[in-house]
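Each chain is listed here by its residues.
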Amino acid sequence: MTSSFDRAALSRRGFLRLSGGAAAVAALPAALTACGGSSGGSGGTLRLVGVADQQKPLDLLTKAYTKAKFSTSFAPTDQVETSLRTQLGAGNAPDVHVVYPGNGSAMSMVQIAKAGLLADLSDQAWTKRVPAGLKPAFQMDGKTFLYSAGSSVIGAIYNKKVFQEAGVTPPKTWSEFLQVCDKIKKKGKVPIALGAQTQWVTQLITYALVPSTVYAKNPQFDSQMKAGTATFANSGWVQALDMYLELQKRGFFNDNPNGTTFEQQTSMVATGKAAMAIQVSAVLPDFRKAAPSPDDLSMFPVPGADDASQVWIPAGVVVGLGVSARSKNRDAAKAFIDFLGRQENINRWAESVACVPLVRDAGSKIDPVLTPFLPYMDGNKAVPFMDQAWPNAEVQPAHFAMVQELLAGKTTVAKGLAKLDETYRKKQP
């Protein structure tokens, strides 16, 4: 019988809050079939395909760009990535399309660039300003293949009114976090909304905790994993997953997380039925849109340690764009990316999706709810999202499936991490 681990590996390839597509899938979703005409030179119509998270900034910036017309399509991540991976393989990819930072998914920069499917952007001025610590997310073999406007964080998006009614404030340690959840539960509210039916949501609690349980103690964990001297099963990943399950055992999640979607999770927090959701800051606009007032919501780092000085956070480069190496409009597409790389446009994109700009200037406006995260980012207590360092596109969907099985009581932490180690070491063709 095929396990859910295997089903996930066959059907999903993911990145961050976004699961990606296998190389061969059925027909394209209707939402993505429309495309514009094409022409060369510095103008013409550029076909752009992105995920829903990118629509707000791209609607804004494509309207501001006057040197080309655009045919744009946006859809949920699973649909976009599944169809895009098929188009890339068939040689009919859009001129500009979503690309994920680093490695670890079928639509990640490294995986696509290795296949020769992304145009080199290294001659553009903005690429010289990419911070050294972020270069692995943007570059392969010293060449830049990805544009991204900045970094997002994972933390607890919370309803301020629910917190106030429960008489609690954002905690600074894990013990305090559990106490906050307990007080909220006693007030008859769900402490943490979890929409684990939407697979990418499953990973976020792990990612929020692992910086404190793994990297604060061993910053070299990723390099040791690559060298084969470390494993998931013998690391702080065990502690992080035990903490994840502790939240469930204490009744701090909504009923049936595996039957709850991201949209339902969002609604629960926005309307005050639940106190918080551990989420990526890029979805703050979704939560705000669903709330009576955007000011009802704020965000704080999830403290994954009992010593506040040992709390680290996840901060990863946000989903970006690349140019198809086979595009007939490649020069025009690259010119648009160069436009996006101007500081004022980095600022506009970052502000629209509540992320920290790739580089900051006097005009950079950082969403106030991100203020609690900046000391960690500026103090070298932030690590990239874990999957950005994984060597293949199968580890993340295995993680998705592991969490769903843990929540369903169908596996153990030890068995789940053994499977994750096996998938990590899997040789790629």
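Residues numbered from 1 in each chain as written. Predicted model: local features only at pLDDT ≥ 70, side-chain atom pairs only at ≥ 80, totals over all residues. Heavy atoms only, no water.

**Focus: the overall build of the chain**
And then number 1: Scanning the chain for helices and strands turns up 17 helices and 15 strands.
And then number 2: Burial status across the chain gives 60% buried among its 429 residues.
And then number 3: Considering only contacts within the chain whose residues lie at least 6 apart along the sequence, 76% involve residues at least 24 apart.
And then number 4: Approximately 16,700 Å² of the chain is accessible, and the part contributed by carbon and sulfur atoms is 50%. (Helix = DSSP H or I, 4+ residues; strand = E, 2+ residues; numbered from the N terminus. Buried < 20%, exposed > 50% of the residue type's maximum accessible area, 1.4 Å probe, protein only. Contact = heavy atoms within 4.5 Å. Areas by Shrake-Rupley, 256 points an atom, 1.4 Å probe, with all protein chains shown as cover.)

**Overview of the nonpolar core**
And then number 1: Grouped together as the largest cluster of nonpolar side chains are 90 residues, with contacts concentrated most on Phe-163, Phe-177, Ile-184, Phe-232, Trp-237, Leu-247 and Met-276.
And then number 2: It is helix α8 (residues 204-215) that contributes the most residues to this core, eight residues altogether.
And then number 3: With near-sequence residues (within four places) excluded, Phe-232 lies in contact with Phe-221, Met-225, Trp-237, Val-238, Trp-390, Val-395, Leu-417, Leu-420, Asp-421 and Tyr-424.
And then number 4: In terms of nonpolar packing, the next biggest core, distinct from the first, is built from 54 residues, Leu-88, Leu-117, Leu-321 and Leu-340 among them. (Core = buried A, V, L, I, M, F, W, Y, C linked by side-chain atoms within 4.5 Å.)

**Focus: the pairing of strand β10 (residues 274-280)**
When a strand is regular, its side chains alternate between the sheet's two faces.
And then number 1: Of all seven residues in β10, seven are buried, a share of seventy percent or more.
And then number 2: Both strand β8 (residues 150-159) and β10 contribute to a ladder of five bridges, which runs antiparallel. By the bridge assignment for β10, Ile-157 is matched with Ala-277.
And then number 3: Judged from the two bridges that link them, strand β9 (residues 190-192) and β10 form a sheet pairing that is parallel. Bridging from a neighbouring strand, Ile-192 pairs with Met-276 of β10. (Pairing = 2+ DSSP bridges.)

**Things to note about empty space enclosed by the protein**
And then number 1: Tallied over the entire structure, the rule returns three cavities of 30 Å³ or more.
And then number 2: Size it by volume and the largest cavity reaches roughly 60 Å³.
And then number 3: Asp-53, Gln-54, Ala-282, Val-318, Val-319, Trp-349 and Val-353 are the residues that line the largest cavity.
And then number 4: Its residues assigned to classes, the lining of the largest cavity shows five nonpolar, one polar and one charged.
And then number 5: Roughly 40 Å³ of volume is contained in the second largest cavity.
And then number 6: The element that contributes the greatest number of residues to the lining of the second largest cavity is helix α9 (residues 221-227), accounting for four residues.
And then number 7: Along the lines of polarity and charge, the residues of the lining of the second largest cavity split into six nonpolar, no polar and two charged. (1 Å grid on protein atoms, 1.4 Å probe; cavity = no way out; pocket = protein on both sides within 12 Å on 5 of 7 lines; lining within 4 Å. Points joined across faces, edges and corners; volume = space filled by probe spheres on them. Nonpolar A, V, L, I, M, F, W, Y, C, P; charged D, E, K, R; others polar.)

**Brief notes about the confidence of the model for the chain**
And then number 1: Residues with a pLDDT of 70 or more make up 90% of the chain, whose mean pLDDT is 88.
And then number 2: Across residues 1-43, confidence stays below pLDDT 50; counting only partners more than four residues off in sequence or on other chains, it has 119 contacts. (pLDDT = per-residue confidence, 0-100.)

**Structural notes on the sheet that holds strand β4 (residues 69-75)**
And then number 1: Taken in spatial order, the four strands line up as β4-β3-β5-β13 in an open sheet, and their pairing is mixed. Of all strands in the sheet, those bounded by a partner on one side alone are β4 and β13 (320-323). The mean inter-strand angle of the sheet, taken between neighbouring strand axes irrespective of direction, is 25°.
And then number 2: Where strand β3 (residues 45-51) and β4 come together, seven bridges link them in parallel fashion. Opposite Val-51, over in β4, you have Ala-75 as the bridge partner. (Axes fitted to C-alpha atoms, helices over the stretch in contact; angles between N-to-C directions.)

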